[in-house]
Amino acid sequence: MVRLTGSKNACGQGNCGACSVLLSEFDHKSQTIRHVTVNSCITPLFYVHGCAVTTVEGIGTSRDGLHPVQKSLVQMHGIQCRFCTPGMVVSLCCLLRNNPTPTKADVERAIEGNLCRCTGYRPILESMSPFAVCPMGAKCCKNKSNKLDTNDTEPEARPIDPTQDSIFPPPLMKWHLKDTLSISYGHTTWIVPCKLEQLRTVWTEHPTAQFVAGATAVGATTNHDGGPIIFISCHRVEELQAISVNDKKLEFGAAVTFTKMEDHIRKLEIEGAKPVVSAFLACIQSLASDQLRNVATIGGHLACRMDGLDMIPLLFALNATVHLMDHTGKRRDLTVEEYLSNEQTGKELILNIQVPLDNKVKFVGFYKTPRKRPVGSAGTTTALVLDTGGHFIAYLEGLSPKIIKLDVFSYLPETERTIQSLSLDKFDRILRKRLSEEKAETRDDLVNLSAGVLQKFQAVVNEQTTPEAESPHSELPIHCRSDIIFDEVPDSQPQTDPVWRPLPQTTAEDLVSGQAMFIDDMPSYQNELHLCLVLGKRARAKLVHVDWSAVKACPGVVDWIDHTSLNGRNMWGIMAADEEIFASKEVVYWGQPIGAVVAESREQATHAAEKVRIDYEEMQPVLTIEDAVKLESFIEGAVVIERGDGTEGFLRSNQVVEGTIGTGAQEHLYLETNGAIGVPKREQHEIEMFVTHQAPTFIQKSIASCLGIPFNRVIVRHKRTGGAFGGKESQPVKICVPVALAAQRTGRPVRGILTREQDMAITGKRHPYQFQYKIGFSKDGVLQALEVKVYSNAGCSRDVSLEVLDCTLNFIEGCYAIPNVKIEGRLCKTNTVSNTSFRGFGIPQAYVAMETIIDHVAHVLKIGSKQIQEINFAKSGFVPFTKLPLQDETIVEAWNQCQRQANYLQKEADVIAFNEKHSYKKRGIAMMAIRFQMGYPVSLLNQSTALVHVYLDGSVSLSHGGCEIGQGLNMKIQQIASRALSVPLSKIHIAENSTNTVANATATVGSCTTDLVGAAVLNACGEITNRLQPFKEKKPNASWEELIIDAYLNRISLSVMAQGRPGDGGVYYYTYGAGCSTVEIDCLTGEHKVLSTDIVMDVGRSLNPGIDVGQIEGAFMQGYGMMAVEEWTLNDRGEVESKNPSRYRVPDVGNLPRDFNVTLLSDSPNKQAIVYSSKGIGEPPLLLATTVHKALRAAILSARKDRSLSAFVQLDTPVTPAKIRQACTIGCI
Ligand SMILES: Cc1cc2nc3c(=O)[nH]c(=O)nc-3n(C[C@H](O)[C@H](O)[C@H](O)COP(=O)(O)OP(=O)(O)OC[C@H]3O[C@@H](n4cnc5c(N)ncnc54)[C@H](O)[C@@H]3O)c2cc1C
Ligand code: FES
Ligand code: FES
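Per-chain numbering applies: the sequence of each chain, read as written, is numbered from 1 onward. Each chain is given a letter, starting from A, and each ligand a number, starting from 1, according to the order in which they appear as written. Restriction of local features to residues with pLDDT of at least 70 applies here, the model being predicted, together with a cutoff of 80 or more for giving and counting side-chain atom pairs; totals for whole chains, interfaces and linings are based on all residues. Note: side-chain values were computed over all heavy atoms of the structure, leaving out hydrogens and water.

Going by what an unreviewed UniProt entry lists, the chain is known as FAD-binding PCMH-type domain-containing protein and is assigned to Magallana gigas. As recorded by UniProt, the Sequence similarities (unreviewed entry) comment attached to the chain reads in full: "Belongs to the xanthine dehydrogenase family." UniProt positions are given in the numbering used here, feature names are shortened, and annotations may be inferred rather than shown by experiment.

It is worth spelling out the overall build of the chain at this point. A run of H or I in DSSP becomes a helix once it reaches four residues, and a run of E becomes a strand once it reaches two; helices and strands are each numbered from the N terminus. A count of helices and strands for the chain gives 34 helices and 43 strands. Put simply, the radius of gyration uses C-alpha atoms, and a globule should come to 2.2 Å times the residue count raised to 0.38. Computed over the C-alpha atoms, the radius of gyration of the chain is 31 Å, within 12% of the 33 Å expected from 2.2 N^0.38 for a compact globule of 1229 residues. Dimensions along the principal axes, computed over C-alpha positions, put the chain at roughly 95 × 75 × 70 Å. Evaluated residue by residue, the chain yields a buried proportion of 63% over its 1229 residues. All accessibility values rest on the Shrake-Rupley procedure with a 1.4 Å probe; residue burial counts only the protein chains present in the view. Here the chain displays about 45700 Å² of accessible surface, and carbon together with sulfur accounts for 51% of that area. If you average the places of the 125 positive and of the 135 negative side-chain charges in the chain, the two averages end up 1 Å apart. Exposed residues in this analysis have more than 50% of their type's maximum accessible area, buried residues have under 20%, and partly exposed residues fall in between, with area computed by a 1.4 Å probe over protein chains only. Two residue types count as positive, namely Lys and Arg, and two as negative, namely Asp and Glu; His and chain ends fall outside the count. Just so you know, the charge point we use is NZ for Lys, CZ for Arg, CG for Asp and CD for Glu.

A few words on the confidence of the model for the chain. Averaged over all residues, the pLDDT of the chain equals 92, while 95% of them reach at least 70. Predicted confidence is poor over residues 143-158, with pLDDT under 50, and the contacts of this stretch with residues over four places away or in other chains come to 37 contacts. A residue's pLDDT is the confidence the predictor assigns to it, expressed on a 0 to 100 scale. By the convention used here, residues are in contact when the closest approach between their heavy atoms is within 4.5 Å.

Each residue is tested against the molecule or strand, and it is near if at least one of its non-hydrogen atoms lies within 4 Å. Around ligand 1, the surrounding shell holds 33 residues, and the nearest of these are Phe211, Ala213, Thr216, Thr297 and Asp310. In protein, a polar contact means a hydrogen-donor-capable atom and an acceptor-capable atom, both N or O and within 3.5 Å, with residues adjacent in sequence counting only if both atoms are side-chain atoms; elsewhere, any N or O pair within 3.5 Å suffices. The separation between an oxygen atom of ligand 1 and a polar main-chain atom of Phe211 is 2.4 Å. Within the backbone of Ile350, one N or O atom sits 2.9 Å away from a nitrogen atom of ligand 1. Protein chains bury 92% of the 970 Å² of accessible surface belonging to ligand 1 in isolation. Going through the elements one at a time, strand E6 (210-212), helix H7 (216-225), helix H11 (298-303) and strand E12 (349-356) are the ones with two or more residues in the shell around ligand 1. Classification convention: Asp, Glu, Lys, Arg as charged; Ala, Val, Leu, Ile, Met, Phe, Trp, Tyr, Cys, Pro as nonpolar; all other residues, Gly among them, as polar. Its residues assigned to classes, the shell around ligand 1 comprises 20 nonpolar, 10 polar and three charged.

Where helix H1 (residues 68-75) meets helix H2 (residues 85-98), the axes come as close as 9 Å, and the angle between the chain directions of the two elements is 130°. Overall, the two elements H1 and H2 adopt an arrangement that is oblique. Like other packed secondary-structure pairs, H1 and H2 cross with a definite hand, here right-handed. Of the residues in H2, those touching H1 at Val69, Gln70 and Leu73 are Thr85, Val89, Leu92, Cys93 and Leu96. Looking at side-chain class alone, the contact of H1 with H2 contains six nonpolar, two polar and no charged residues. Only C-alpha atoms enter the line fits that serve as axes; for helices the fit covers just the stretch in contact. Angles between N-to-C directions range over 0 to 180 degrees. Comment on the angle field: the value is read as roughly parallel under 35 degrees, roughly antiparallel over 145, roughly perpendicular from 65 to 115, and oblique elsewhere. What makes a crossing left-handed is the near helix being turned counterclockwise from the far one by less than a right angle; a clockwise turn instead makes it right-handed.

Here helix H24 (residues 801-811) lies mainly inside the structure; nine of its 11 residues are buried. Burial in H24 covers these residues: Ser801, Leu802, Val804, Leu805, Cys807, Thr808, Leu809, Asn810 and Phe811. As for H24, its buried residues are in contact with strand E26 (634-643), strand E32 (769-777), strand E33 (783-795), strand E34 (820-829), helix H25 (843-861) and strand E35 (921-934).

Right, let's get into the UniProt feature "binding site: substrate" (unreviewed entry) in the chain. UniProt's entry tags Glu729 and Phe841 with the feature "binding site: substrate" (unreviewed entry), counted in the numbering of this structure. Across 113 residues of sequence, these annotated residues stay compact in space, with a maximum C-alpha separation of 11.9 Å. Lining the largest cavity, from the set of annotated residues above, are Phe841. If you trace the backbone, Glu729 turns up in the loop between strand E30 (714-718) and helix H22 (733-746). Judged by its relative accessible area of 8%, Glu729 is buried. Those residues within four positions of Glu729 in sequence are excluded, and the remaining contacts are Ile574, Gln694, Ala695, Phe698, Ile699, Val800, Ser837, Ala1003 and Val1005. Residue classification places Phe841 among the partly exposed positions, given a relative accessible area of 21%. Among all residues touching Phe841, those that are not within four sequence positions of it are Arg766, Val800, Glu803, Val804, Cys807 and Glu1179. Every definition here rests on a 1 Å grid over the protein atoms only: cavities are sets of points where a 1.4 Å probe fits but cannot get out, pockets are open sets enclosed by protein on both sides within 12 Å along at least five of seven lines, and lining residues have some atom within 4 Å of a point.

In space, the four strands of this open sheet follow the order E13-E14-E15-E16, with antiparallel pairing throughout. Of all strands in the sheet, those bounded by a partner on one side alone are strand E13 (361-369) and strand E16 (404-407). Looking at each pair of strands side by side, their axes are set apart by 15° on average, direction ignored. Pairing between strands requires that DSSP locate at least two bridges from one strand to the other.

A few words on the environment of Ser944. Looking at where Ser944 falls in the secondary structure, it is placed in strand E36 (residues 944-950). For the pair formed by Ser944 and Gly961, sequence separation is 17 residues and the distance between their alpha carbons is 6.1 Å.

Taken together, five strands build an open sheet; the order of strands is E17-E43-E42-E41-E35 and the sheet is mixed. Pairing within the sheet leaves two strands with one partner each, and these edge strands are strand E17 (481-485) and E35. Averaged over neighbouring strand pairs, the angle between their axes works out to 10° when direction is ignored. Sheet analysis places strand E41 (residues 1069-1082) next to strand E42 (residues 1088-1098), joined by 10 bridges and oriented antiparallel. Counterpart to Thr1078 in the pairing with E42 is Ser1092.

This next bit is on the domain arrangement of the chain. Assigned domains of the chain: these are domain 1 (20-172), domain 2 (180-233), domain 3 (361-468), domain 4 (524-535 + 551-623 + 667-751), domain 5 (881-935 + 1067-1229) and domain 6 (938-1060). One C-alpha centre belongs to domain 3, the other to domain 5, and the line joining them spans 33 Å. The interface is formed by 23 residues belonging to domain 3 together with 19 residues belonging to domain 5. A buried area of about 1700 Å², summed over both sides, lies between domain 3 and domain 5, and 59% of it is on carbon and sulfur atoms. By salt bridge we mean one thing: a side-chain nitrogen of Lys or Arg within 4 Å of a carboxyl oxygen of Asp or Glu. Where domain 3 touches domain 5, the interface holds one salt bridge. Two residues, Lys456 and Asp1082, come together in a salt bridge whose shortest N-O distance is 2.5 Å. At the junction of domain 3 with domain 5, the criterion picks out six residue pairs in polar contact (both at pLDDT 80 or more). When residues of the side of domain 3 that touches domain 5 are traced back to their parent elements, those giving at least two are E13, helix H14 (424-437) and helix H15 (444-465). For the side of domain 3 that touches domain 5, the leading source of residues is H15, giving 11 residues. Here the residues of the side of domain 3 that touches domain 5 are counted per class, giving 10 nonpolar, six polar and seven charged. Domain start and stop positions are those given by an automatic or database domain assignment. A quick way to say it: buried area is the sum, across both parts, of accessible area lost when two parts are put together, with a 1.4 Å probe.

Here we come to empty space enclosed by the protein. Grid points are joined across faces, edges and corners, and a volume is the space filled by probe spheres set on the points. Under the criterion given, the structure shown has 10 cavities of 30 Å³ or more. Taken together, 33 residues line the largest cavity, and the ones lying closest to its centre are Ile965, Gln967, Ser1007, Gln1111 and Gly1178. Ranked by residue count, the leading element in the lining of the largest cavity is helix H30 (residues 1009-1034), at three residues. Here the lining of the largest cavity is composed, by residue class, of 11 nonpolar, 16 polar and six charged. Together, Lys104, Val107, Glu108, Arg122, Leu125, Glu126, Ser129, Ala132, Cys480, Arg481 and Ser482 line the second largest cavity. Residues belonging to the lining of the second largest cavity are distributed by class as follows: four nonpolar, two polar and five charged.

For Trp590, the position within the fold is in the loop between strand E23 (586-587) and strand E24 (593-599). As for Trp590 and Val833, which are separated by 243 residues in sequence, their C-alpha atoms are 7.4 Å apart. Beyond its immediate chain neighbours, meaning those up to four positions away, Trp590 contacts Gly536, Lys537, Arg538, Ala539, Ala761, Arg1133, Gly1134 and Glu1135.

The next subject is unusual backbone geometry. Of note, the amide linkage connecting Thr369 to Pro370 takes the cis form, showing an omega dihedral of -5°. Note that Pro370 resides in the loop between E13 and strand E14 (380-387). For the peptide bond that leads from Thr1213 to Pro1214, omega is 0°, which places it in the cis range. Position of Pro1214 among the secondary structure elements: in the loop between helix H33 (1186-1202) and helix H34 (1217-1225). You will see that Gln31, though not glycine, has its phi angle at about 55°, which is positive.

What follows is the structure in structure tokens.
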């Protein structure tokens, strides 16, 4: 076994790119080597036969030397938690192998299929700038000074030296498949013919075998359930790979991949093919990612008969035909429509697909909205054709289970049958009529979206036929640019002092090459077992009977556990033990663990877990805030906070308005799923646990109390976590307690790693909220009185919901001083997974509410939001609900600098001018400022411990209570220790976090771990320095190593454990910032783009500007996901629909603001700092994503104004295309 651990499994379904590998193959026709990336998690082994496979380890390692791309990623801070990094490296290196001087657009496209939840993508793109050609030439931003890469600026493209790339194995050059290949593995046989005749022969021999081509649909399913036994692969069959084109038709062999199809048709120069080609290109580019397009075939696409496939409506619209062959060799042609409506065709082989080039076709349109909509998620895909004979036909996917054909003109009297005669209300009427004929139940918002798409097509056609018509397009910059600005260290600071410098992480080289290990990369223990959870499949039901008998009979099964297996408590919870580890009598949310199976292998455990038979008695679940409020299903009583006298405040107000605003759930989608390995120690019930987490003490406590053993028998170890964002504070208990229990019972090491689907089903989300507000204000916009009722969906148990709610209530006032406030909050108890900590901890929802209120006031008064914000900012001395009075606040500096940086006034004028000229596209601009608390309000949590050992060679080992979860904690701690001890960084090593090294650690949450751990490190290092002082006085010129030896010889201990405990009174300072975003919406398709974002953050004196900028960008992008991209949904029965990244979209590189600039506020050292004038940063910038929400609203309000719609829009998050579309038009259709 080669044990290459670089490629990661973050989804197992081809949706994230973390498992990307490079496939290289010799093409005998062109005598060249073709390199492509594929997602290894869904690529069966047979597919790579004859190819060279390069994983990240083959690209570069810290031992053998890094590839220039890896070096650049390290220098540009393109890695945080690093779980996505190996896949990114592979995608970027593949691009360079095929194209040594790519454009920025090429770079964006290359990583379109690689998700990163931490960095915000900008530094990853930037890491390619040394190799990429910038269309700006000499004006390229690379040539500016004071940028993050100033230490390493190389303005000219740095050529890649191809000799550094691994050599394509010469034997593979000679390998040329001429005969049928047969590969067997376990119960599966893959047969790979290379000629159609050979295919027929094997088909005759195996008439029930299943065809496979790119294996993306097959690979994604057989990966988990074993799949059918014999496959016949079409991917090497010569005849099926043919592409033929003439002026009558395009013909694609069934095994032509989307990449080859795109390459081919892009070069076509047949005049009559233009409309068809551009529609195909739009369609192919909307299909997932390069990794998918490189292998997925048009034949497989058609034959997999899934709902939601994008090319099907287009093939319908273009009247494509399918050429089929049965096993006797008989051939026939069918239209695509006929092919799909006939089950019998499933038994035939698709030979090719022909698209007629009918010169009667005038226009073809393809619109997918959202543009990167994952298969099966809400939205629509529409293909439309207008021909010269006056037919306007649309095929709509997404409105009903089947594709709807709409012959638009047939619904109109003959006199009105022109494209110009169509209006939005006509489209709407026609569409609804057509849907009622189909008896299709559809969502209003999607119908509205489709009507918009039809109108968009009409507008495009109109523009081409009547040039004076207003363009529905606007030119957007095609690639991103950015400026990163921060204070450089003074020349007087010694070179050896690393504090305040943007240094790359010292472990980055191991991380970028995939050598650094995460839990599932750890080698297997001898005798290791695997655990798979058994999950409930009802949202609320009594467990009538749970039958394990079939599990016991499954091969490899060693044990099965449920609520009766625990020696300790079956209850857990971070603030109150109110949730069961395993449901005993009743399930309270869909996906709740009922038990677990322990087996010799992961596959055996998974297989056996599916055999548990559960009889339920179903009850009506409570799923939404509205249901819970109606039924008064609450956890604990109301929480009320107040200031001043509301009644008086409203009386004094000139105007009072009321409204509501809601925010949706958000999935953490850290790339490393929850997992644990438990190793029983055979003595005294001791157990050692390796867990992905961010709260060592809570994990230790939960395991101990459920196993019924004291804390001191549980050692929880942790080196790093592949992203957490709050989701690994309490949630790891759901897997680590069962693993510990299984290890305790069997006496063998047990590994349990959640699949992405399990993780998304059983772990809590960001709390959804409903706010009902009433605001009183003066005629010039001074806020007088605020009353808000806040409902939070806590889910089935308390977790940290009350603490999250407290934060929400405390921050609803935002950065404003409102004299009279009453806020009342309630926690709704529902039959959904218990919601939990998420970056921002309830504060992002509060800012969305307050900024909505500001916009509402501005809308009513017809004054700009910015003016309302400015006159209401709280000033020094004001005591917010967070109790710490404002002092030295930098809000105004950040606000003013942000305005200058964003060139606000010019941009605002441009937006107004743009909106005057356009009615289909609108722009919006918005600014906001933020304040975020540092330190826990409960002072007991403001503590941490550090253990420092100095060894006799002068090297330092440092352990602490914080967890490295991608936020750069260890690097900052190393920098702090280096300055505190006056030793170089290279002498300091951060050891793992472990409960037997540092006990009773506070969880790594709240953006204050650097402060807490930093304070402890300063104390520990201070003590070491004190102990060395007498020796230094004796020998002032002695080196560090000499002093250490002297101390040792004098029996002075060189180990210190110290505590840091800032914040005696709770919150100890605030972090401030300001942001400005500009967006453009398409009023017809509901799509939007963030044109620019400018952020100015006050991080005091940044300990490491490279890390802090990364935190700012990553937090902003995650917040942007919450505001406008990520839609988490349940069905009516409470089953999670957003089960995996293919059903739950998070921002990808295409969502990056086109112009993204971050500045760390200059010259603003933190006067209340805990560590070297710095401030905490992980969460605050997430709040600035509210600028996008506000800018979207501004754009929508402009669209509504054109349509004489005067009412304000609330715009619940996430703001999906369907919502934008609806908000632009409601009232006028
Ligand atoms: C991660 C991911 C993202 C995706 N995103 C999108 C998206 O954004 N939009 C979209 O439209 N689709 C999307 N898809 C679906 C994708 O388009 C299909 O999986 C793909 O086109 C199938 O092609 P394939 O060659 O891989 O088929 P395979 O997986 O090889 O086969 C699929 C089916 O077709 C049959 N088959 C294959 N070839 C033939 C043949 N010549 N004759 C008869 N039967 C045949 C097989 O028996 C099998 O039943 C996505 C899929 C994945 C895995
Ligand atoms: S794409 Fe393979 S793990 Fe996500
Ligand atoms: S660094 Fe990309 S997911 Fe964490």
